Each structure stands twice: as structure tokens, then as C-alpha cells.
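Chain by chain, the residues:
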Amino acid sequence: MNYRHIYHAGNFADVLKHAVLARIIRYAQNKEKAFRVLDTHAGIGLYDLSSEEAQKTGEWRDGIGRLLEAELPAPVAELLEPYLSAIRELNPTGAIKLYPGSPKLARMLFRPQDRLSAMELHPEDYHRLHNLFEGDFQVRATQLDGWLALGAHLPPKEKRGVILVDPPFEEEGEYGRLVSGLANAYRRFAGGTYCLWYPIKKGAPIKAFHEELQALDIPKMLCTELTVRSDRETTGLTGSGLVIVNPPFTLKDELHTMLPVLKSVLAQDRFASQRAFWLHGE
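Residues numbered from 1 in each chain as written. Predicted model: local features only at pLDDT ≥ 70, side-chain atom pairs only at ≥ 80, totals over all residues. Heavy atoms only, no water.

A. Structural view of the nonpolar core. Membership of the largest hydrophobic core comes to 93 residues, with the highest contact counts inside it found for Ile64, Leu67, Leu80, Tyr83, Tyr194 and Tyr198. Every residue in contact with Ile64, bar those within four places of it in the chain, is listed here: Gly10, Val15, Tyr83, Leu84, Ile87, Ile96 and Tyr99. (Core = buried A, V, L, I, M, F, W, Y, C linked by side-chain atoms within 4.5 Å. Buried < 20%, exposed > 50% of the residue type's maximum accessible area, 1.4 Å probe, protein only. Contact = heavy atoms within 4.5 Å.)

B. Here's a closer look at the packing of helix H1 (residues 12-28) against helix H4 (residues 74-90). For the pair H1 and H4, interaxial distance at closest approach is 8 Å and the crossing angle is 95 degrees. By the angle between their directions, the pair H1 and H4 is classed as roughly perpendicular. In this structure, H1 uses Asp14, Val15, His18, Ala19, Ala22, Arg23 and Arg26 to contact H4, whose residues at the interface are Glu78, Leu79, Leu80, Pro82 and Tyr83. Among the residues making up the contact of H1 with H4, the classes are represented as 7 nonpolar, 1 polar and 4 charged. (Axes fitted to C-alpha atoms, helices over the stretch in contact; angles between N-to-C directions. Helix = DSSP H or I, 4+ residues; strand = E, 2+ residues; numbered from the N terminus. Parallel < 35°, antiparallel > 145°, perpendicular 65-115°, else oblique. Nonpolar A, V, L, I, M, F, W, Y, C, P; charged D, E, K, R; others polar.)

C. How the structure looks around helix H10 (residues 251-266). The sharpest bend along H10 reaches about 30 degrees and sits at Met258, with the proline Pro260 one to four residues further on. Residues of H10 that are buried: Leu251, Glu254, Leu255, Met258, Leu259, Val261, Leu262, Val265 and Leu266. Turning to H10, the residues buried within the fold contact H1, helix H3 (64-69), H4, strand E8 (221-227), strand E9 (237-245) and strand E10 (273-280). (Bend = angle between axes of the 7 residues up to and from the residue.)

D. Layout of the pattern of salt bridges. One pass over the structure, following the stated rule, counts 12 salt bridges. One salt bridge connects Asp62 with Arg66, and the closest N-O pair in it is separated by 3.1 Å. Residue classification places Asp62 among the partly exposed positions, given a relative accessible area of 30%. Note on Arg66: relative accessible area 25%, which makes it partly exposed. Here the salt bridges do not stand alone but share partners, grouping Asp14, Lys17 and Asp166 into one network. (Salt bridge = Lys/Arg side-chain N within 4 Å of Asp/Glu carboxyl O.)

In C-alpha cells form, the structure reads like this:
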């Protein structure tokens, strides 16, 4: 309940998460039928990078700040276009001040028929999220524990859905909760595309986490990771990963195109790394 994403908005982990989310949304729009995005830990939706909190850490400067200034190869620029266009739309003067959280980014990419359910438990953050989308009939913001949403809000009435699970990892056992949360949600809605975010830091139980996910025996489970520095001299965040269940069939190839460039642009030392691989399936 104490986590505030404003300190981390636009950092390298957000870049990976939001670039992939944008690709998933664009793929879902290849069909005319509506779909719903369920964001289980939505935050406030829109972040002011000129705020005291964001300026205190400055993490965005080594994330979206670097990416916007980079000269990207044409294939990578094309893949990142939905994500970066949303950033530029929010910052028409060129100087970056506003950064969209996952719910705002999804909403900016929507067609008229697409819908968003955004969950946030923290009272103050929920209030700001609700105000951001007040009057928007395509968005429903709810004050609710995101873990409960995986049961209560699935399957969506549209029968097509993208489910983003991005917990703050404030408490012990969050990796395990991701596994059990996915198992519960998948039983209710096996056809959804799930995107699970997790942190990479010294001592994190990544291998065990992956093994527990594999034990669920879900047919198609893709994983991608980006680390920007060594964990030898820090206990803080050095990388992040995403597990994508039922990924677009194009996503793995797109990741192989994007990731080397993202690693090059966002690397903070020579130990930066990236990978995309199947946890289960193809």
C-alpha cells in the first residue's frame, strides 16, 4: 500500500512492459471484434515526470528519455511506433513531461469498440485514476485488489481480452502469487492473452518462478527479459521480465528485432543482457 510508481515511471522496465503491451494491443486489433484490457494494478494512469517524486530518482532519464533520443533502425522504429507515438502525443512540444501508465497507454491505442477495466486498491491512487477517466464510457476504473479481479472480472463479456498483471512486489511471495493468480485466471478464461510483469534483482527466485509456471502446463507461454546492469554492487532493480500467455504469433520474432536495440540504448554497464524464449510451447 506504500508503493508509488511515480518514482519509477518511464524507467527501463516500463519501456519493455509498455512496448510489448502496445504490440499485443495492435495485434488484437487485427480482428474487428472488440476486446477488453484488464489492468489489475493500474496505478494513477498518467505520471508527471517534472514532479518532485520523479525528479528525485530521475529513473525515466535512463528509460524513455534515452529511447526518445536514440536513432532507431527502421524495423525497430516501426515496431515501437504505437508506443512512442502515444508518448509524443502527450508531449507535443518535444520535451517530455508526461508519461502514460499502462491504462492510459492502452486507452490511447484503442478503437471505438475496445474497452478497459482498470483496478487499483490504494485509495488516493484510485481517486486519481478515476478522475483521469471520468466520463470515458470505454473505461471502467474500480477500487479493488487486482488479485481478486483475476477471478471476479474474467472472462470479459467481449470474450476477447488482454490481461496485464503488474504487481508492485512490495510483499514476500509475489512471484508465487503470479503463478497462482495465472492458474486461477486461466481456468476461467483460457483464451485470454496474459502479460505478467516481474522484477529481476539480486537473489530473486527467477529459476524457481519459471519452473512453477512451466508446471502449470499451459500450452503457449513466452518469456522475455531485459537487464541493464550487473547485480554485483546493488540490491536494487537490475532488470525485468514479462511472461506472455497466448502471445501473438508474431511477438517472438518482434522481440528478437527489438530487444538487441533496447539493450544497446538502455544499457547501464557492459553486463546488460536480453533474451526471449518459450517457457512452454513452440
